[in-house]
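# Chain and residue survey
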Amino acid sequence: MATTHPHLPDWLAAYNPAEITIGVIASHSSLQILHGARQEGFRTLGICVGKDRKKMYKAFPGAEPDEWMILDNYLELLNKAEELRKRNVIIIPHGSLVEYLSPANFITLEVPTFGNRQILKWEGSRELQRQWLESGGCTMPKVIEDPHEINGPVIIKYAGAKGGRGYFIARNFRDFRRNVDLEEEFTIQEYVLGTRYYFQFFFDPIAEDGYQVEGMGSREGQNCGRLELMSIDRRDEANVDEFYKLGSLRDIRDMGLEPSFVVTGNTPAVLRESLLPEAFRLGEGAVAASLELEEDARGMIGPFCLETLVTDKLEFRVFEISARIVAGSNVAIGGSPYSNINEPGLSTGQRIARCIRKAIDKDCLSDILS
Ligand code: AMP
């Protein structure tokens, strides 16, 4: 895992710390990123394709960017790097940016970017994610290699599926065969019955107080940085969330319908408090393991999300990690029951800007950018 973009030190040397501008693609979690940047005293830049996107931000003056960059298509961003650097821009990546550019292009974007872009390699492959999370002590749903061995509910996930689109549930090989698209790459995972909680954590490697992540492996016994719980959400998924109203899975299939898992929104959640220590243990494990993924690894920096299920035995299964801000954090644009304890109204967007502000003050920006 290369540490940072090789030119990052040169880019930063040319930046004027007093004029740093927070840049974001106008989508996904941009409202809280822009609002939070403004609260921390930064100038802001919204980036979008076509002029139509701008109008919505008029409805939210607290998050309206100071400047806009209008593109003909998102790939044009790659050619705008020099201009963005002249404007002292730090890009805050989110899921839409990575999707619009593609992970391979995003890694080459020649603009200082919040967080560690190299972690994408580990996040982007289900096998590497499993290796990462299991080495951090997270239990994941079992994988079924041979579809003939399906003997209970499983969920089939396609490799390129976005937002749960195209996933399906099977109870046996017949179910699987009837629904599967063999042209696509897929994984068969044990379907874990339980309640879903999506934890939005923030890892600040330059903070020396608070809940410190203890290192493992080569960092055994070291305090590596502060872990914070910003918020918890649950995704609203169409149509699986509402399916029970139509009867059993068999009734539903008799009607020619299949449950789908398309994310349409999010609702805030709180966790049974006695389970919080375990949630922190999982978040801590994910961060500590990320620091050991490769020699010289910088690991997780900033916001990340653990997607979990809690069974009726009160056991967690982690089914995915997102190594950047997730849209579920939008449930806490004005703070969450957890972040409000520490600072009323603190969103993940503002927490990112705060981390950048602190790094400017400590003159260690390259520790949190790539
Ligand atoms: P993912 O793309 O992995 O985030 O999964 C999309 C949705 O599928 C989740 O939000 C859950 O509702 C559901 N899901 C994923 N994996 C499992 C699993 N192993 N067991 C039960 N539900 C799952």
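Just so we're clear, the structure is a prediction, and the values are computed from it rather than from any experiment.

Parameters and conventions
- Residues numbered from 1 in each chain as written.
- Predicted model: local features only at pLDDT ≥ 70, side-chain atom pairs only at ≥ 80, totals over all residues.
- Heavy atoms only, no water.
- Patch = residues over 30% accessible without salt bridge, like charges linked within 9 Å, V, L, I, M, F, W, Y side chains within 5 Å.
- Areas by Shrake-Rupley, 256 points an atom, 1.4 Å probe, with all protein chains shown as cover.
- Salt bridge = Lys/Arg side-chain N within 4 Å of Asp/Glu carboxyl O.
- Lys, Arg positive; Asp, Glu negative; His and termini not counted.
- Charge placed at Lys NZ, Arg CZ, Asp CG, Glu CD.
- Helix = DSSP H or I, 4+ residues; strand = E, 2+ residues; numbered from the N terminus.
- Buried < 20%, exposed > 50% of the residue type's maximum accessible area, 1.4 Å probe, protein only.
- Contact = heavy atoms within 4.5 Å.
- Near = heavy atom within 4 Å.
- Polar contact = N/O pair within 3.5 Å; in protein donor to acceptor, adjacent residues only side chain to side chain.
- Nonpolar A, V, L, I, M, F, W, Y, C, P; charged D, E, K, R; others polar.
- Domains from an automatic or database assignment.
- Buried area = accessible area lost by both parts, 1.4 Å probe.
- Phe/Tyr/Trp six-rings, centres within 6.5 Å; stacked < 30°, edge-to-face > 60°.
- Axes fitted to C-alpha atoms, helices over the stretch in contact; angles between N-to-C directions.
- Parallel < 35°, antiparallel > 145°, perpendicular 65-115°, else oblique.
- Left-handed = near helix turned anticlockwise from the far one by under 90°.
- Expected span 1.5 Å × (residues − 1).

## Things to note about a negative patch on the surface
- Residues E127, E145, D181, E183, E184 and E185 make up a contiguous surface patch of negative charge.
- With respect to the helices, strands and loops of the structure, E185 is situated in the loop between α9 (173–179) and β7 (186–190).
- What makes E185 exposed here is its relative accessible area of 59%.

## Quick notes on the environment of A104
- By the secondary structure assignment, A104 is in helix α6 (residues 103–108).
- A104 sits in the exposed class, given a relative accessible area of 57%.
- Residues A104 and L120, spaced 16 residues apart in sequence, show a C-alpha to C-alpha distance of 9.3 Å.

## Some words on the side chain of Q129
- Topologically, Q129 is positioned in helix α8 (residues 126–135).
- By relative accessible area, which is 6% here, Q129 ends up buried.
- The contact partners of Q129, leaving out residues within four places of it in the chain, are W122, E123, F319, E320 and I321.

## Observations concerning the site of the ligand
- Around the ligand, 17 residues are found, and the nearest of them are Y167, Y198, E237, E307 and E320.
- V192 has a polar backbone atom sitting 2.9 Å from a nitrogen atom of the ligand.
- Take E320: an N or O atom from its side chain is 2.5 Å from an oxygen atom of the ligand.
- Here the ligand, which alone exposes 480 Å², has 97% of that area covered by the protein.
- Only β5 (154–158), β7, β8 (195–204), β10 (223–239), β12 (302–310) and β13 (316–322) provide two or more residues apiece to the shell around the ligand.
- Residues belonging to the shell around the ligand are distributed by class as follows: nine nonpolar, one polar and seven charged.
- When residues of the shell around the ligand are assigned to domains, at least three fall in each of domain 1 (8–138 + 194–236 + 265–367) and domain 2 (147–191).

## Comments concerning the domain arrangement of the protein chain
- The domains assigned to the protein chain are domain 1 (8–138 + 194–236 + 265–367) and domain 2 (147–191).
- Placing a centre on the C-alpha atoms of domain 1 and another on those of domain 2 gives a separation of 30 Å.
- The interface of domain 1 with domain 2 comprises five residues on the first partner and six residues on the second.
- Around 460 Å² of area is buried between domain 1 and domain 2 when both sides are counted, 35% of it from carbon and sulfur atoms.
- In terms of surface lost to domain 2, no three residues of domain 1 exceed E99, R126 and F319, which account for 76% of the buried area on that side.
- The interface formed by domain 1 and domain 2 includes zero salt bridges.
- Where domain 1 packs against domain 2, one counts one residue pair in polar contact (both at pLDDT 80 or more).
- Sorting the residues of the side of domain 1 that touches domain 2 by element identifies α8 and β13 as the ones contributing at least two each.
- For the side of domain 1 that touches domain 2, the class distribution of residues is one nonpolar, no polar and four charged.

## Side note on the packing of aromatic side chains
- Counting across every chain of the model gives 13 aromatic pairs.
- Pairing Y74 with Y100 gives two aromatic rings, centres 4.3 Å apart and planes at 15 degrees, and the pair type is stacked. Of the two residues, Y74 sits in the loop between β3 (67–71) and α4 (81–86) while Y100 sits in helix α5 (residues 95–101), which places them 26 residues apart along the sequence.
- Geometrically, the ring pair formed by F199 and F316 is tilted, given 6.0 Å between the ring centres and 50 degrees between the ring planes. Residue F199 is located in strand β8, and its partner F316 is located in strand β13; the two are separated by 117 residues in the primary sequence. The two residues F199 and F316 agree in class, both being buried.
- Grouped by ring-pair contacts, the aromatic residues F199, F201, Y211, F280, F304 and F316 constitute a single cluster.

## Topic: the packing of helix α2 (residues 30–39) against helix α13 (residues 348–362)
- Where α2 contacts α13, the axes come no closer than 7 Å and their chain directions differ by 45 degrees. Our classification of the angle between α2 and α13 gives oblique. Crossing handedness for the pair α2 and α13: right-handed. Residue-level inspection shows Q32, I33, G36, A37 and Q39 of α2 in contact with α13, the latter providing T348, G349, Q350 and A353.
- A per-class count over the contact of α2 with α13 returns three nonpolar, six polar and no charged.

## Quick notes on helix α11 (residues 276–290)
- The end-to-end C-alpha distance of α11, which contains 15 residues, comes to 21 Å, matching closely the 21 Å that a straight helix rising 1.5 Å per residue would cover.
- Buried within α11 are the following residues: L276, A279, F280, L282, G283, E284, G285, A286, V287, A288, A289 and S290.
- Contacts from the buried residues of α11 go to α8, β8, β9 (212–214), β10, β12 and β13.

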